[in-house]
Amino acid sequence: MRTPVSGEVHVTYWQLYVESGPGGAVPGVADAFAGQTVGLCGAAVPGALHLTTGLHSGRVGFTVEIHDEPPALDPVWEDVVEVSFRPVSGRTHLEQWAGTASWPLDLAMTDHRVRYCARGMDAGRDLDTRSDEDPQVDSYLLQFWPAPPAPDRVIRQTSRSAARDHEYARRLPPPPTPEERDEAERLAREAEERAAEERRLHREAWQWGGRLPSEELRALGVHTWSLLRFDPDLVHTLGAATAGTRRGVALLAARRACETAGLTNVPWVAEALTAAEEGAPLPPPFHYSTLMAETLRSDPRVPERSVRGAVPPERPPYEPLASPAEPGWRWIPAEGSDTPEEPEPSQPSPVAGPARQGLGKYLGKLVPPPPQPQSGVGRGTAPPSEMPQSGTLIPAAPKTAYAVGVLEVVDSTPDRPRGRISQPHFASPALPAAVHPDPLRAALDAVCAAVETYGEHYPELLAEIRAFCAAADEPGNEPGERP
């Protein structure tokens, strides 16, 4: 015989546990005793035992014995039950509430018979909470030995506490079958996967200004993020535009950048603008960025123009999406939104809220229920069904967060005014961008270069680009795409 535990252990809410699962999870009361005829030792959940005591809180006498064969029953014990148990791993422990202490039992992964013996349960329940000065009033013995599975049994019943616990267990429905448990776990996994995908889409929608991007925009990645900070709606407009509209936007942005930088009267820039509009290759120095920068620096005809740098508009921080399935959570739609107050959990709306010029859409959010005051739970006044269930998760309030990754879009309110930038140096990259073989990338990169060139006056440029796109949507006005 081995005695891995002997002395006193601390109980909370009348509970101790034996657990052997790899995650250390312990069953709640209803799950542990489901379908049993005994109410002191819950064994309905595979790999775990839920042990009931008379004392609510404090230290009780407790001994664990590991035998090779059935031990004799000592008449000193007033209440005795037997159940069957099989560890699900090689690590079996006796656990206190919330894992505050544990003792290894070193049980083999085979079938065991378990005998749980109690003495002084009624005295423990009457005392409720034992202080350090109080004498020990209840004690327990937990015995294991190898044996094939057998029905649970009440060997001896003396106390009122045990009688009430047995009656509670007998009223519970039987536990799910292994097939039902597997199906429930499968459904739970699928629900979590759906929830994770919904959270991912909600975050991605915020990154893209309130709506999800097309696959074409998503594939461009880094070539979209600069313009997203200034005008997400324009990014999506270009993503839905035809190739001709995109190319027209790219050329318009390049020309406006050169004009506002004073470069249209510089011969080699004017020649490049003409080549771009005619679909011809750009002349030197636009083949190499270093040569272009050197030419800008050395050509006296390039004007010295500067402007205060562009500052993207402020946008709200990201509000993470919580699981709509959590009980008590409420959906708060964005102000002015037509979104229903409580959408169906299976149909979350990642783009709720009214549209904003250049800022996408406002997103709604889920908020948790208000915290409830905690009150003491007395075993003598509340039935076991109302006891706190170990392992219960309470949703935490959502925290403000910012997106991360390639498409990181954050609240960019400036801490101080932007410095002045050289407009010719920001305008010159717009021409190579405008002639890129991919019309969408050409439009995005050229508009980004033009925005930086306009600096603090960039809203004028974006208004003209949006008007150009709107006019191109009208029948017969689609700009021609060069071959």
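Our subject is the structure that appears above.
This paragraph deals with the overall build of the protein. Counting its secondary structure elements, the protein contains 14 helices and 17 strands. When burial is assessed residue by residue, the protein has 44% of its 483 residues classed as buried. Counted over contacts in the protein with a minimum sequence separation of 6, partners at least 24 positions apart contribute 77%.

It is worth spelling out helix H10 (residues 289-298) at this point. Taken together, the buried positions of H10 are occupied by Met-292, Thr-295 and Leu-296. One side of H10 holds all its buried residues, which, seen down the axis, span an arc of 100 degrees. Residues of H10 that are exposed and point over 90 degrees away from its buried face: Thr-290 and Arg-297. Contacts from the buried residues of H10 go to helix H9 (267-278) and helix H11 (423-427).

Now for the nonpolar core. Core analysis: the largest hydrophobic core is formed by 53 residues, its most contacted members being Leu-227, Leu-238, Leu-263, Leu-431 and Val-451. Top element by residues in this core is helix H13 (residues 439-454). It accounts for eleven residues. Residue contacts for Val-451: discarding those within four places in its chain leaves Leu-227, Phe-230, Ala-310, Tyr-458, Leu-461 and Leu-462. Of all hydrophobic cores here, the second largest spans 29 residues; its members include Leu-40, Val-83, Leu-94 and Leu-107.

We now examine the environment of Val-114. With respect to the helices, strands and loops of the structure, Val-114 is situated in strand E9 (residues 112-119). On the accessibility criterion, Val-114 (1% relative accessible area) is buried. Taking C-alpha positions, Val-114 is 9.5 Å from Pro-70, a pair spaced 44 residues apart along the chain. Apart from residues no more than four positions distant in its own chain, Val-114 is found in contact with Cys-41, Leu-49, Val-81, Glu-82, Val-83, Phe-85, Leu-142, Gln-143 and Phe-144.

This part covers helix H3 (residues 160-171). Its twelve residues place the ends of H3 17 Å apart at the C-alpha level, agreeing with the 16 Å of an ideal helix rising 1.5 Å per residue. Residues of H3 that are buried include every one of Ser-161, Ala-162, Asp-165, His-166, Tyr-168 and Ala-169, and no others. The arc that holds every buried residue of H3, seen down its axis, measures 160 degrees, which confines them to one face. Residues Arg-160 and Arg-171 are exposed on H3 and point more than 90 degrees away from its buried face. The opening residue of H3, the one whose side-chain oxygen lies 3.0 Å from the backbone nitrogen of Ala-162, is Ser-159.

Moving on to the packing of helix H8 (residues 243-260) against H9. With their axes 10 Å apart at the nearest point, H8 and H9 run at an angle of 170 degrees to one another. Comparing the axis directions of H8 and H9 gives the class roughly antiparallel. Taken together, the residues of H9 that come into contact with H8 (itself represented by Leu-251, Ala-254, Arg-255 and Cys-258) are Val-269, Leu-273, Ala-276 and Glu-277. Looking at the contact of H8 with H9 residue by residue, the class counts come to six nonpolar, no polar and two charged.

With omega at 10 degrees, the peptide bond leading from Pro-284 into Pro-285 counts as cis. Along the chain, Pro-285 falls in the loop between H9 and H10. One non-glycine residue, Asp-128, adopts positive backbone phi at about 75 degrees. Tracing the chain through its elements places Asp-128 in the loop between helix H2 (121-127) and strand E10 (139-146). Since its relative accessible area comes to 26%, Asp-128 is described here as partly exposed.

Parameters and conventions
- Residues numbered from 1 in each chain as written.
- Predicted model: local features only at pLDDT ≥ 70, side-chain atom pairs only at ≥ 80, totals over all residues.
- Heavy atoms only, no water.
- Helix = DSSP H or I, 4+ residues; strand = E, 2+ residues; numbered from the N terminus.
- Buried < 20%, exposed > 50% of the residue type's maximum accessible area, 1.4 Å probe, protein only.
- Contact = heavy atoms within 4.5 Å.
- Arc of directions from axis to C-beta.
- Core = buried A, V, L, I, M, F, W, Y, C linked by side-chain atoms within 4.5 Å.
- Expected span 1.5 Å × (residues − 1).
- Polar contact = N/O pair within 3.5 Å; in protein donor to acceptor, adjacent residues only side chain to side chain.
- Axes fitted to C-alpha atoms, helices over the stretch in contact; angles between N-to-C directions.
- Parallel < 35°, antiparallel > 145°, perpendicular 65-115°, else oblique.
- Nonpolar A, V, L, I, M, F, W, Y, C, P; charged D, E, K, R; others polar.

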